[in-house]
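So you can see what is in the structure, the chains are spelled out below.
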Amino acid sequence: MAENTPVRSGQTAKRAAKKTAKKAAPRSSARRGPEDAAHAACESLERLICHAAEGVSAVRRKDDGWCVVVDVLEVPRIPDTTSLLASYEVQIDERGELMEYSRVRRYRRGSADE
């Protein structure tokens, strides 16, 4: 093997490489940007309402965190254009923890905003 990481007895090369990678790129407990905020908001909302997120339509920075508008498929129907979707406003703090959420709109897929 051409690895620079020494492998201790009872430790596999994969574990040693994994430990080296963790040391090289330490994780921060704070969320950093809008992408992380959107991801955290989608995950939290999906767990709470048991519907899959379709996408994110807005991300706004706030003093104490982020406000993310997440679009969710609530009632799937055939044909797909008759499915019901909803937009939820999700407030998360700097660490990506959910502070509050509320449904702000419910609509049919493909309907235009007026």
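What counts, and where the lines are drawn
Residues numbered from 1 in each chain as written. Predicted model: local features only at pLDDT ≥ 70, side-chain atom pairs only at ≥ 80, totals over all residues. Heavy atoms only, no water. Pairing = 2+ DSSP bridges. Helix = DSSP H or I, 4+ residues; strand = E, 2+ residues; numbered from the N terminus. Axes fitted to C-alpha atoms, helices over the stretch in contact; angles between N-to-C directions. Contact = heavy atoms within 4.5 Å. pLDDT = per-residue confidence, 0-100. Phe/Tyr/Trp six-rings, centres within 6.5 Å; stacked < 30°, edge-to-face > 60°. Buried < 20%, exposed > 50% of the residue type's maximum accessible area, 1.4 Å probe, protein only. Lys NZ or Arg CZ within 6 Å of the ring centre and 35° of its normal. Patch = residues over 30% accessible without salt bridge, like charges linked within 9 Å, V, L, I, M, F, W, Y side chains within 5 Å. Areas by Shrake-Rupley, 256 points an atom, 1.4 Å probe, with all protein chains shown as cover. Salt bridge = Lys/Arg side-chain N within 4 Å of Asp/Glu carboxyl O.

Asker: For this particular structure, what's the right way to read the sheet that holds strand S4 (residues 98-108)?
Answerer: Backbone-to-backbone hydrogen bonds join strands into a sheet, with any given pair of strands oriented parallel or antiparallel. Across the sheet, 4 strands lie side by side as S1-S2-S3-S4; this open sheet has antiparallel pairing. Strands at the two margins of the open sheet, each flanked by one partner only, are strand S1 (53-62) and S4. Averaged over all adjacent pairs, the angle separating strand axes in this sheet is 20°, with direction ignored. For strand S2 (residues 65-75) and strand S3 (residues 84-93), the ladder comprises 10 bridges, and the chain directions are antiparallel. Note that in S3 the partner of Val75 across the bridge is Leu84. Relative to the sheet, helix H2 (residues 34-49) contacts S1, S2, S3 and S4, its axis offset from that of S2 by approximately 45°.

Asker: Could you clarify how one ought to interpret the confidence of the model for the chain in this entry?
Answerer: Note: predicted coordinates in regions of low pLDDT should not be interpreted at a detailed level. Across the chain, the average pLDDT comes to 80, with 72% of residues at 70 or higher. Below pLDDT 50 for its whole length, residues 1-29 participates in 13 contacts with residues either more than four positions away or in separate chains.

Asker: Would you mind showing me how to read the packing of aromatic side chains here?
Answerer: Given two aromatic rings, their pairing is described by the distance between the two centres and the angle made by the two planes. Per the stated rule, a full pass over the model turns up 1 aromatic pair. Each ring, one from Tyr88 and one from Tyr101, has its centre 6.1 Å from the other, and the planes form 45°; the classification is tilted. Of this pair, Tyr88 sits in strand S3 while Tyr101 sits in strand S4, and the two are 13 residues apart along the sequence. By relative accessible area, which is 35% here, Tyr101 ends up partly exposed. The ring of Tyr107 is capped by Arg105, whose NZ or CZ atom sits 4.0 Å from the centre of that ring.

Asker: Is there a simple way to explain a nonpolar patch on the surface in this structure?
Answerer: The grouping of Leu48, Leu98 and Tyr101 at the surface amounts to a nonpolar patch, some 250 Å² of accessible area in total. Taking the relative accessible area as the measure of exposure, Leu98 reaches 31% and is therefore partly exposed.

Asker: Can you help me understand the pairing of S2 in this one?
Answerer: The two faces of a sheet get side chains in turn, since along a regular strand they alternate between them. Where burial is concerned, most of S2 is hidden: 10 out of the 11 residues are buried. Examined bridge by bridge, S1 and S2 share 8 bridges and lie antiparallel to one another. What sits directly across from Val59, in S2, is Val68. Connecting S1 to the next strand, S2, in antiparallel fashion are 2 residues.

Asker: Help me out: how do you make sense of the environment of Glu46 in this one?
Answerer: Summarising the element assignment, Glu46 is placed in helix H2. A relative accessible area of 33% places Glu46 in the partly exposed class. Here the alpha-carbon distance between Glu46 and Val72, two residues 26 residues apart in the chain, equals 8.6 Å. Leaving out residues up to four positions away in the same chain, Glu46 has contacts with His51, Ala52 and Ala53.

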